[in-house]
Amino acid sequence: MKFNKNLLGTWLIREGIITENQLAEAMVVQRKEKNFLGKTLVRLGYCTEDDIAGVIAKRSGVDFISLEETVIDSAAVAALPVEAYKRYRVLPIGFSDNKLVVAMQHPNNIMAIDDLRILSGFDIKVVVAPDSELEAMIEKYSRANMDFGQVKDDLQDDENITIETEEQTTRPAVQLANMIIAQAVGAKASDVHIELYENNLRVRFRIDGVLHNVMHLPRAMHGSLISRIKIMANMNIAERRIPQDGRMSLKIEGQTIDVRVASLPASYGERLTLRLLNRSSNIITLEELGVSPGVLDKYREAIRRPYGCILVTGPTGSGKSTTLYAGLATLDKNAKNIITVEDPVEYRMDGINQVQINPRAGLTFATGLRSILRSDPDIIMVGEIRDQETAKLAIESALTGHLVFSSLHTNDAPGSITRLTEMGIEPFLTASSLLCVLAQRLARVLCPHCKESYTISRDKMPDFPDFPFDENETEVGLYRPAGCMRCSNTGYRGRTGIYELLFVSERIHDMILERKSSREIRNAAISEGMVTLRRDGLMKVKQGITSLEELVRVVV
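For clarity, every value in this text was computed on a predicted model and none was experimentally measured.

## Considering the UniProt feature "domain: Bacterial type II secretion system protein E" (unreviewed entry) in the chain
And then number 1: Under the local residue numbering, the UniProt record ascribes the feature "domain: Bacterial type II secretion system protein E" (unreviewed entry) to residues 373-387.
And then number 2: The distance from the first to the last C-alpha atom of residues 373-387 is 18 Å, and the span holds 0% helix and 27% strand.

Right, dumping it as structure tokens:
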């Protein structure tokens, strides 16, 4: 059988990948199935998709890449309208020497390349990728752009609203804004930072409490991108000299995402911070938080009390709200009237009345709490104690027969007692109402797929004299981060809690009345069995859950 020297099969033979007999057999099967020759060869097992793509790239004089191993630039993806992906079977993946790098199946399609040049405004650099990878990525990025709708700003209505016409969705700023938010949701980011500098526009995601650079965009994209997001968040696009706040609710691939947007005028230009709250996510249980069994039993004991005050403390972003919700989720919502006052309402919970504060309308934590007390509550959750009036109302509510949950910003559990005193709460009120204080931090969990084991001896840990070695243990096996594709090369995947529970015993009660210092209260609590934040963290290091480096990062 004679073969055309310019056809794929001949190229594969010349590269020694298949034989003439294999090609002849494949062509017979191809005619019967009316399929592409390349797919037929792969199905028969005579070659792989990588073999075919590599040969096409070599014969066409372009590079061959694997999309699974390539970091795809979202700015490049947004440079072409979604319709062009499927029409030409291409995907823009980055920029090189002011050219748009495009992965495609047919690198010799001159007409398609000319159309892409006109649509994007860039000269085109073509690369070849395996068919299945290209198809999967085209589908992924098409879905990320198209399955994206804004929903009504109404807590009771999740109905989708069409916010763009088909013509508008092809605009680069619209596509880029959608891409950034969809990518952030996919990465489980809590915040998105969009910042302008002298030479570029930087986008960062906060994932598991740590900021990561995800893209650098041309400065020229700043104005249109900022304006697009501000329009979505109902902010004034003409005002760039003063900070603004806005919010929006989005539907992304079936998930309802609440987004709070804050603008800030900076030296090079306006920057935006987006806080993402997944309304569709399930409430985490107390067991899933990583609370050790001993601490969990005492915390549950406090939650079962009919009245009193339970405080959760820690810095911003330490998971206080999640812990409060996990506690509320264990309560009987049918037999109890549970009311919360929050800023904002981060999770929607069935069977619980949730109130969001609105300072402009005069609804603050204090005024909201005062109104809640007239609504016959059994259990109250105050999102945060920020001032003396809120603190006094919360403590008095606990004294008058209500179970009160709230949060406070202190470094450890004993420090919250002195903080209440500093806020003007009399010690006798604190001692009589406070049930327990739970201090916490969030530490990143080592990726189970790539964490590396190592052994370290006792004498090589001078910075950790309190490490929980067993009595006769001279060395211990620990783990450290390595990095792989599954954890985006960070070495960590997900987070767990580190906890310190101060239970108000009779001794602690008397010390509060005597206005003892937080150090004295801390020492007394430790003597009664309190596990400190540092020791709980060291136990999780020894168990291989997190690393020493991560513990040092989150616990002083």
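This is not the end of the story, as more comes after the structure.
## Points about the environment of Leu289
And then number 1: With respect to the helices, strands and loops of the structure, Leu289 is situated in the loop between β12 (270-278) and α11 (293-303).
And then number 2: The spatial distance from the C-alpha of Leu289 to the C-alpha of Ile498 is 8.9 Å, given a sequence separation of 209 residues.
And then number 3: In this structure Leu289 touches Ile284, Thr322, Thr323, Ala326, Thr496, Gly497 and Tyr499, once residues within four positions along its chain are discounted.

## Re the sheet that holds strand β1 (residues 63-64)
And then number 1: The strand order across the open sheet built from four strands is β1-β4-β3-β2, with neighbouring strands paired in mixed fashion. Looking along the sheet, the strands with just one partner apiece sit at the ends: β1 and β2 (90-96).
And then number 2: Relative to strand β4 (residues 123-128), β1 runs parallel, the two sharing two bridges. Its bridge partner being in β4, Asp63 is matched across the sheet by Val127.

## What to know about the environment of Thr421
And then number 1: Tracing the backbone through its elements, the reader meets Thr421 in helix α15 (residues 413-422).
And then number 2: For Thr421 and Thr19, which are 402 residues apart along the polypeptide, the C-alpha to C-alpha distance reads 85 Å.

## Describing unusual backbone geometry
And then number 1: Residues other than glycine seldom take positive phi values, yet Asp376 does so here, at roughly 55°.
And then number 2: Position of Asp376 relative to the elements: it lies in the loop between α13 (365-372) and β16 (379-382).
And then number 3: Positive phi, close to 55°, is recorded for Arg515, a residue that is not glycine.
And then number 4: For Arg515, a relative accessible area of 54% corresponds to the exposed category.

## Section: the pattern of salt bridges
It is possible for side chains of opposite charge to pair when their charged atoms get near one another.
And then number 1: According to the stated counting rule, one finds 27 salt bridges in the structure shown.
And then number 2: Measuring nitrogen to oxygen at the nearest pair gives 2.3 Å for the salt bridge that ties Glu135 to Arg89. Taken together, the positions of Glu135 in helix α8 (residues 131-146) and Arg89 in the loop between α6 (82-88) and β2 put the pair 46 residues apart, joining distant regions of the chain.
And then number 3: By relative accessible area, which is 31% here, Glu135 ends up partly exposed.
And then number 4: Residue Arg275 pairs with Asp191 through a salt bridge whose shortest N-O separation is 2.6 Å. Residue Arg275 is located in strand β12, and its partner Asp191 is located in strand β7 (residues 191-196); the two are separated by 84 residues in the primary sequence.

## Thoughts on the side chain of His222
And then number 1: Along the chain, the position of His222 falls in helix α10 (residues 222-232).
And then number 2: Excluding residues within four positions of it along the chain, His222 makes contact with Leu196, Leu201, Gly269 and Glu270.

## Concerning empty space enclosed by the protein
And then number 1: Under the defined criterion, the tally for this structure stands at one cavity of 30 Å³ or more.
And then number 2: The computed volume of the largest cavity comes to approximately 60 Å³.
And then number 3: Lining the largest cavity we find Arg247, Asp258, Arg260, Leu277, Pro344, Val345, Arg348 and Gln356.
And then number 4: Taken together, the residues that form the lining of the largest cavity break down as three nonpolar, one polar and four charged.

## Overview of the packing of α15 against helix α18 (residues 518-527)
And then number 1: Packing of α15 against α18 brings their axes to within 8 Å, and their N-to-C directions diverge by 140°. Between α15 and α18 lies a crossing whose hand is right-handed. Together, Pro414, Gly415, Ile417 and Thr418 of α15 and Ser518, Ile521 and Arg522 of α18 make up the contact between the two elements.

## Notes on the sheet that holds strand β13 (residues 308-313)
And then number 1: One open sheet accounts for seven strands, arranged β15-β14-β16-β17-β13-β18-β21; its pairing is mixed. Looking at which strands have only one partner, the edges of the open sheet turn out to be β15 (353-356) and β21 (492-503). Across the sheet, the mean angle separating the axes of adjacent strands is 20° when strand polarity is ignored.
And then number 2: One ladder, built from four bridges, connects strand β14 (residues 338-342) with β16; its direction is parallel. Paired with Ile339 across the bridge in β16 is Ile380.
And then number 3: With respect to the sheet, helix α19 (residues 533-542) is in contact with β18 (434-446) and β21, its orientation differing from that of β21 by roughly 140°.

## A look at the packing of helix α17 (residues 506-513) against α18
And then number 1: For the pair α17 and α18, the least separation of the axes is 10 Å and the interaxial angle reads 175°. With respect to each other, α17 and α18 are oriented roughly antiparallel. Touching Arg507, Ile508, Met511 and Ile512 of α17 are Glu520, Ile521, Ala524, Ala525 and Ser527, all from α18.
And then number 2: In the contact of α17 with α18, the residues fall into six nonpolar, one polar and two charged.

## Focus: α19
And then number 1: Among the residues making up α19, those that are buried are Leu533, Asp536, Gly537, Leu538, Lys540 and Val541.
And then number 2: Here the buried face of α19 lies against β18, β20 (475-480), β21 and α20 (548-554).
And then number 3: Once α19 finishes, Gly544 follows within two positions and takes phi at roughly 85°, a positive value.

## Brief notes about the nonpolar core
And then number 1: Core analysis: the largest hydrophobic core is formed by 55 residues, its most contacted members being Leu311, Phe467, Leu478, Leu502, Ile508 and Leu548.
And then number 2: In contact with Phe467, other than residues within four places in its own chain, are Met461, Val476, Leu478, Leu538, Val541, Lys542 and Leu548.

## Considerations on the side chain of Arg441
And then number 1: Within the secondary structure, Arg441 is located in strand β18.
And then number 2: Residues within four places of Arg441 in sequence aside, it is in contact with Gly314, Pro315, Ser318, Asn411, Thr496, Gly497, Ile498, Leu533, Val554 and Val555.

What counts and what doesn't
- Here the residue numbers are simple positions, counted from 1 along each chain's written sequence.
- Thresholds applied to this predicted model are a pLDDT of at least 70 for local features of residues and 80 or more for the giving and counting of side-chain atom pairs; totals over whole chains, interfaces and linings are not thresholded and use all residues.
- Hydrogens are left out, water is left out, and the side-chain values use all remaining heavy atoms of the structure.
- UniProt positions are given in the numbering used here, feature names are shortened, and annotations may be inferred rather than shown by experiment.
- To qualify as a helix, a DSSP run of H or I must reach at least 4 residues; to qualify as a strand, a run of E must reach at least 2; elements of each kind are numbered from the N terminus.
- Note on definitions: a residue-residue contact is assigned when non-hydrogen atoms from the two residues lie within 4.5 Å.
- DSSP calls a pair of strands paired once it identifies at least 2 bridges connecting them.
- Accessible area is worked out with a 1.4 Å probe on protein chains only. A residue is then buried under 20% of its type maximum, exposed over 50%, and partly exposed in between.
- One speaks of a salt bridge when a side-chain nitrogen belonging to Lys or Arg is within 4 Å of a carboxyl oxygen belonging to Asp or Glu.
- A 1.4 Å probe that fits but cannot get out identifies a cavity on a 1 Å grid over protein atoms alone, an open set with protein on both sides within 12 Å along at least five of seven lines counts as a pocket, and a residue lines either if it has an atom within 4 Å of a point.
- Grid points are joined across faces, edges and corners, and a volume is the space filled by probe spheres set on the points.
- Residue polarity is assigned by list, with Asp, Glu, Lys and Arg as charged and Ala, Val, Leu, Ile, Met, Phe, Trp, Tyr, Cys and Pro as nonpolar; anything else, Gly included, falls into the polar class.
- For helices, the fitted axis covers only the stretch in contact; all axes are lines through C-alpha atoms, and the angles between them, taken along N-to-C directions, range from 0 to 180 degrees.
- In this scheme the crossing of two helices becomes right-handed for a clockwise turn of the near helix relative to the far one and left-handed for an anticlockwise turn of less than a right angle.
- Oblique is the label for any angle not covered by the other classes, which are roughly parallel (under 35 degrees), roughly antiparallel (over 145) and roughly perpendicular (65 to 115).
- As used here, the term nonpolar core means buried Ala, Val, Leu, Ile, Met, Phe, Trp, Tyr and Cys residues forming a set that is joined through side-chain atoms within 4.5 Å.

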